[in-house]
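An overview of the molecular structure
Chain by chain, the residues:
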Amino acid sequence: DTGVSQDPRHKITKRGQNVTFRCDPISEHNRLYWYRQTLGQGPEFLTYFQNEAQLEKSRLLSDRFSAERPKGSFSTLEIQRTEQGDSAMYLCASSLGSGSPATQYFGPGTRLTVL
Amino acid sequence: AQSVTQLDSQVPVFEEAPVELRCNYSSSVSVYLFWYVQYPNQGLQLLLKYLSGSTLVKGINGFEAEFNKSQTSFHLRKPSVHISDTAEYFCAVSFNTGNQFYFGTGTSLTVIP
């Protein structure tokens, strides 16, 4: 029984570079979420997919951020022209369901440091 | 506006003592409530949840929480803590049937031997 996995676990990049993170949800989970967590804060919602459709996006998700889930399985989160303010832990979660809020299972996160 | 507040950022407690971690929310619509725990260098793990029914819910590792609608609270309790309970605890709320979770800022529980 594998949980949610994320790759890479750590990423250090220079300001202005593009980065891409990958999330593999629990198999057969139809919902996938991206959150961002900064030091001393709780996770903040970024976006949500049901199967391959991106159904919700937070206002936190600027034009430099894009997320995809092309086949309804794994997802990628890309940040273009990174800024120092993008430094954070990026969390992925998945769940199974269609009605009332289902339990979200979280991955270990990708820690991004922008120099 | 809808929000989640964890009133205590840090809670030190001696081993085998009881503990209560507080969570309050602000909402004019139905809520669904969760507590997650985050151990160092690990992902968030669900402790317990309230969706409907009995307002007292029991979770893993001996934790329980009570939903109090009149006080808009969902405090987490454990009667006797262990060293292994040292971790960050997050309260999360989902409003109506919305899919996104709103998290509090977390409470760092430190169990002192």
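Everything below is about the structure printed above this text.
Scope of this entry: the structure provided in the associated data block. Since we're looking at a predicted model, the values are computed, not measured.

Procedures and definitions
- Residues numbered from 1 in each chain as written.
- Chains lettered and ligands numbered in written order.
- Predicted model: local features only at pLDDT ≥ 70, side-chain atom pairs only at ≥ 80, totals over all residues.
- Heavy atoms only, no water.
- Contact = heavy atoms within 4.5 Å.
- Buried area = accessible area lost by both parts, 1.4 Å probe.
- Salt bridge = Lys/Arg side-chain N within 4 Å of Asp/Glu carboxyl O.
- Polar contact = N/O pair within 3.5 Å; in protein donor to acceptor, adjacent residues only side chain to side chain.
- Helix = DSSP H or I, 4+ residues; strand = E, 2+ residues; numbered from the N terminus.
- Nonpolar A, V, L, I, M, F, W, Y, C, P; charged D, E, K, R; others polar.
- Buried < 20%, exposed > 50% of the residue type's maximum accessible area, 1.4 Å probe, protein only.

Points about the interface of chain A and chain B
Taken residue by residue, the interface counts 20 residues in chain A and 21 residues in chain B. The largest per-residue losses of area from chain A upon contact with chain B belong to Pro101, Thr103 and Phe106 of chain A, which jointly make up 33% of the total buried on that side. Viewed at the interface, chain B and chain A are joined by 0 salt bridges. Joining chain A to chain B, the criterion identifies 5 residue pairs in polar contact (both at pLDDT 80 or more). Residue assignment for the side of chain A that touches chain B shows that the elements contributing at least two residues are strand 4 (31-37) and strand 5 (44-50) of chain A. The element contributing the most residues to the side of chain A that touches chain B is strand 4 of chain A, with 4 residues. A breakdown of the residues in the side of chain A that touches chain B according to their chemical character gives 10 nonpolar, 7 polar and 3 charged.

Observations concerning the pattern of salt bridges
Counting across every chain of the model gives 8 salt bridges over all chains. Salt-bridge contacts for Arg64 of chain A lead to Glu83 of chain A; the nearest nitrogen and oxygen are separated by 3.4 Å. With Arg64 of chain A in the loop between strand 6 (53-57) and strand 7 (65-68) and Glu83 of chain A in the loop between strand 8 (75-79) and strand 9 (88-95), this pair connects stretches of sequence that are 19 residues apart. The class of Glu83 of chain A is partly exposed, set by a relative accessible area of 41%. Measuring nitrogen to oxygen at the nearest pair gives 2.8 Å for the salt bridge that ties Glu64 of chain B to Lys58 of chain B. Residue classification places Lys58 of chain B among the exposed positions, given a relative accessible area of 64%. Taken together, the shared-partner salt bridges connect Arg64, Glu83 and Asp86 of chain A into one network.

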